[in-house]
Amino acid sequence: MKDLNKEQYQEFLFGPAHPGSGNFSVKIKLDGEKVIESKSDPGYLHRGFEKLMEYRNIWQNAILSDRICVFEPLAWNLLFAEAMEKLINIEIPERAKYIRVILAELSRIQSHFIWLGAFFSASGFDAGFKIAFGYRDYILDLFSAVTGGRVYPAGYICPGGVRKDLPRDIESKILKVLGKIREAVSYFEKENPAFVSRTKGVGILKLEDAIRLGASGPVLRATGFRQDVRKSEPYEIYQKVAFNLPVLKEGDAYSRFKIGLLEIAESVKIIEQLLDKIPSGNFINAKMKFGAAFNFPDDREVYVRNEIARGEGTMYVKSKAGPKLERIKIKGPSFLHLIPVLEFLLKGTEVADIPIIYWSLNGCPADMDR
Amino acid sequence: MRNIILTLKSKFGVEILKEEKKQIWLKADKKNLLKICSLIKKNGFNFFSSLTAVDILEKNVIELIYHIWSEEKKTILNIKIKIDRERPEISSVSNVYDASQIHEREIRELFGVNFLGNPDLSSLFLEDWSGPAPFLKSFDWRNYVRKKFYSKENKRERGYFT
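What you see is a predicted model; the values in this text were computed from it and never measured. Sequence order as written defines residue numbering, which begins from 1 separately in each chain. Chain letters start at A and ligand numbers start at 1, both assigned in the order the entries are written. In keeping with the predicted nature of the model, local features appear solely for residues at pLDDT of at least 70, side-chain atom pairs appear and are counted solely at 80 or more, and the whole-chain, interface and lining totals rest on all residues. In computing side-chain properties, one takes all heavy atoms of the structure into account and sets aside hydrogens as well as water.

**Q** Could you clarify how one ought to interpret the overall build of chain B in this entry?
**A** Secondary structure follows DSSP: runs of H or I at least 4 residues long count as helices, runs of E at least 2 residues long count as strands, and numbering of each begins at the N terminus. What chain B contains, in helices and strands, is 4 helices and 7 strands. Going from the N terminus to the C terminus, chain B shows its helices and strands as α-β-β-α-β-β-β-β-α-β-α. With respect to the three principal axes, the spread of C-alpha positions in chain B is 70 × 30 × 30 Å. Only protein chains enter the accessibility calculation, which uses a 1.4 Å probe; a residue whose area is less than 20% of its type maximum is buried, one above 50% is exposed, and one in between is partly exposed. Out of the 162 residues in chain B, the part that is buried amounts to 50%. Pairs of residues are marked as contacts when any of their non-hydrogen atoms sit within 4.5 Å. For chain B, restricting intrachain contacts to residue pairs at least 6 apart in sequence, the fraction spanning at least 24 positions comes to 49%. On chain B, roughly 8300 Å² of surface is accessible, and the fraction owed to carbon and sulfur atoms is 48%. In this charge count, Lys and Arg are treated as positive and Asp and Glu as negative; neither His nor the chain ends contribute. To locate a charge, take NZ of a lysine, CZ of an arginine, CG of an aspartate or CD of a glutamate. Both charge centroids of chain B, one from 30 positive and one from 22 negative side chains, sit 4 Å from each other. Areas reported here follow the Shrake-Rupley algorithm with a probe of radius 1.4 Å; residue values treat only the protein chains shown as occluding.

**Q** Looking at this model, I keep getting lost on the overall build of chain A. Mind explaining?
**A** When you go through chain A residue by residue, the secondary structure sums to 15 helices and 8 strands. For chain A, the C-alpha radius of gyration of 21 Å lies close to 21 Å, the compact-globule estimate for 370 residues. The burial tally for chain A puts 62% of its 370 residues in the buried class. Look at the contacts in chain A between residues 6 or more apart in sequence, and 70% of them connect residues 24 or more apart. Accessible surface, chain A as shown: approximately 13800 Å² in total, 52% of it carbon and sulfur. Side-chain charges of chain A comprise 53 positive and 47 negative groups, with the mean position of each set lying 3 Å from the other. Atoms counted for the radius of gyration: C-alpha only. Globule rule: 2.2 Å times residue count to the power 0.38.

**Q** Would you mind showing me how to read the interface of chain A and chain B here?
**A** Much of the literature gives interface size as the accessible area that the parts lose upon coming together. Between chain A and chain B, the contact holds 41 residues from the first and 43 residues from the second. When two parts are brought into contact, each loses some accessible area as probed by a 1.4 Å sphere; the total of that loss over both is the buried area. Here chain A meets chain B over a buried area of about 3500 Å², counting both sides, of which 55% is carbon and sulfur. Broken down residue by residue, the surface that chain A buries against chain B is led by K51, E301 and Y303 of chain A, which jointly contribute 18%. Any Lys or Arg side-chain nitrogen found within 4 Å of a carboxyl oxygen on Asp or Glu counts as a salt bridge. Where chain A touches chain B, the interface holds 7 salt bridges. With a closest N to O distance of 3.1 Å, K137 of chain B and E54 of chain A form a salt bridge. N or O atoms closer than or at 3.5 Å make up a polar contact, with two conditions inside protein: a donor-capable atom paired with an acceptor-capable one, and, for residues adjacent in sequence, both atoms drawn from side chains. If you look at where chain A meets chain B, you find 21 residue pairs in polar contact (both at pLDDT 80 or more). Of all the elements in the fold, those that place two or more residues in the side of chain A that touches chain B are helix 2 (49-52), helix 9 (207-212), strand 6 (301-308), strand 7 (311-319), strand 8 (325-331), helix 13 (334-346) and helix 15 (365-369) of chain A. Among the residues forming the side of chain A that touches chain B, the class breakdown is 16 nonpolar, 7 polar and 18 charged. Residues are grouped as follows: Ala, Val, Leu, Ile, Met, Phe, Trp, Tyr, Cys and Pro are nonpolar; Asp, Glu, Lys and Arg are charged; every other residue, Gly included, is polar.

**Q** Any chance you could explain the sheet that holds strand 6 of chain A here in plain terms?
**A** Two modes of strand pairing occur in sheets, parallel and antiparallel, and in both the strands are linked by backbone hydrogen bonds. All names here are of chain A. As summarised here, the arrangement of the 3 strands in space is 6-7-8, forming an open sheet in which the pairing is antiparallel. At either margin of the open sheet sits one strand with a lone partner, and together these are strand 6 and strand 8. Going from strand to strand, the sheet's axes swing by 15° on average, the running direction of each strand aside. Pairing between strands is defined by DSSP: at least two bridges between the two strands are required. Relative to strand 8, strand 7 runs antiparallel, the two being bridged by 6 bridges. For Y316, the partnering residue across the bridge sits in strand 8 and is K329. Every angle, taken between N-to-C directions, lies between 0 and 180 degrees, and every axis is a line fitted to C-alpha atoms, over only the stretch in contact when it is a helix. Running at roughly 150° to strand 6, helix 4 (residues 73-88) makes contact with strand 6, strand 7 and strand 8 of the sheet.

**Q** For this particular structure, what's the right way to read the pattern of salt bridges?
**A** Oppositely charged side chains can pair when the atoms bearing their charge come close. Tallying each qualifying case throughout the model produces 42 salt bridges over all chains. Here E312 of chain A makes a salt bridge to K331 of chain A, at a shortest N to O gap of 2.7 Å. Within this pair, whereas E312 of chain A is found in strand 7, its partner K331 of chain A is found in strand 8, the two being separated by 19 residues in sequence. Assigned by exposure class, E312 of chain A and K331 of chain A land together as buried. Linking K329 of chain A and E106 of chain B is a salt bridge whose minimum nitrogen-to-oxygen distance equals 3.3 Å. Here the residue K329 of chain A occupies a position in strand 8, and E106 of chain B occupies one in helix 3 (residues 100-111), the pair thus bridging two chains. One exposure class covers both K329 of chain A and E106 of chain B, and it is buried. Residues joined by salt bridges that share partners form a network here, namely E105, R108, R221, D228, R230, E263 and E307 of chain A.

**Q** For this particular structure, what's the right way to read the sheet that holds strand 3 (residues 47-56) of chain B?
**A** Residue and element names in this part refer to chain B. Taken together, 5 strands build an open sheet; the order of strands is 1-2-5-4-3 and the sheet is mixed. If you trace the sheet from one side to the other, it starts and ends with strand 1 (15-20) and strand 3, each paired once. Taking each pair of neighbouring strands and ignoring which way they run, the sheet shows an average axis angle of 20°. Across 6 bridges, strand 2 (residues 23-28) lies against strand 5 (residues 75-84) in parallel orientation. The residue bridging K27 from the neighbouring strand is K80, located in strand 5. Across the sheet, helix 2 (residues 33-42) touches strand 2, strand 4 (61-70) and strand 5, and the angle it forms with strand 5 is around 170°.

**Q** For this particular structure, what's the right way to read the packing of aromatic side chains?
**A** Think of a pair of aromatic rings as described by two things: how far the centres are apart, and how the planes are tilted against each other in angle. Aromatic pairs are defined between Phe, Tyr and Trp rings, using the six-membered ring for Trp, whenever the two ring centres lie within 6.5 Å; interplanar angles under 30 degrees are classed as stacked, those over 60 as edge-to-face, and all others as tilted. Under the definition given, this model contains 29 aromatic pairs over all chains. The interplanar angle of 75° and the centroid separation of 5.5 Å between the aromatic rings of F14 of chain A and Y358 of chain A together place this pair among those described as edge-to-face. With F14 of chain A in strand 1 (residues 10-14) and Y358 of chain A in helix 14 (residues 354-360), this pair connects stretches of sequence that are 344 residues apart. By relative accessible area, F14 of chain A is classed as buried at 12%. Residue Y358 of chain A is classed as buried on the basis of its relative accessible area of 1%. Measuring from centroid to centroid gives 5.0 Å for W129 of chain B and Y144 of chain B, while their planes differ by 35°, and the two rings are tilted. Linking W129 of chain B in the loop between strand 7 (114-116) and helix 4 (141-149) with Y144 of chain B in helix 4, this pair joins segments that are 15 residues apart in sequence. Put simply, the rings of F119, F120, F125, Y187, F188, F195, Y254 and F257 of chain A touch in pairs and so form one group of aromatic residues. Across from the ring centre of Y152 of chain A, 4.3 Å away, lies the NZ or CZ of R67 of chain A, which sits over that ring. A ring has a charge above it when a Lys NZ or an Arg CZ is no more than 6 Å from the ring centre and no more than 35 degrees off the ring normal.

Next comes the structure, spelled out in structure tokens:
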């Protein structure tokens, strides 16, 4: 038996080079080719959002909430707006709800494209990486037309509704992009044998381990558990739309990829159902004006959860009288996927599988570190 | 659901603070935490969703809130526990909920709360940090940055001191 603390094992770092792992690294101990122990080393993107948001007012925070996760700023925008609305107890117009859900689903699709692209890249399937990122750009063009920003919407989904109305003829543009997305999905459905052999049976996560370690979203659904906040606790207008929850049983890297692909198809369905039904009317509650002075009620607290592309995102908010918040706690799904789940999965695997397992978890170092 | 709450009430003196749609806010005592967690876990609350710490300076307490979700009951329990701010210590629930281990590690670093029985409380985000717990209300980061990194003598940095 070798001693873990003596230098009988080789140690190396996976990351934090940006193309390899994002702003994140894993300390790995090796015995030959086998991983004996892995320790996630987060913190490269720690910006202290929870503290920053205590120093800013509601509108500044709405804009700041974009930056929590680089991959899907709109989802965090939505979560922050929902937390604020529940806190101050205001209704939002029906039109705003439709716009929000359409954007949230588009955001989910583009986030999945980044994920799948990076996943392909890590497994040596470079063409797939370029195709995924190319198709993502169609969605970014839509974001640019609607919110004004390609990646960061600068608080487009704001407390009370959305910051401005949809531009004219956007419906036909969205429909065109949905066609493109279908094209991409059908392309990825043609299984690349090299990719399949690299991912099938790799990084198997069992259902009880997934629940025990706090996995959520696609990672949890790939282990055979039917759970989605959109279904169990529907927010906005998710109770009005019909969609399936893709669930697979294997729990390996390949089934996580498959879930991602199926979810893109479901999101397309959701958007199609909503597009021709968008009601007319206000897009923001008349009481809320973006940028106007705003004071919170004293001593209220709420806890909200959303299904963002990576899994369960939550916010706890406590207010005090005045323009600033008392406390805000943000939990991103990657916090659990990239620390306990990744450490668990890497144990006993081979060096060559490290990037495959890492990228199959759909992690985002930004929402882990906050 | 009713039964669990009633048992918690009679056995551990848990107080119901408010009930919302799909959420119940409870207040409990520090010494009963582990027993409460094992009991609700047996009754289907097996998703450890999040752990929040709130620093309440004027009352001299740190409030810990355990957010635990049950898929079968479609309910979140938010269990509030107050601990002393001068000696922030509480027993860890990582034996019951494995996922809580990493949350406790984060709170330990950012709020300085000691979780007794947690196997790993090493620092998570901050590297070579020797200052006080940075997310406490008493920690003024502007002051800290001024002291640590800026100098009044430096012409370009003088502006930060006015």
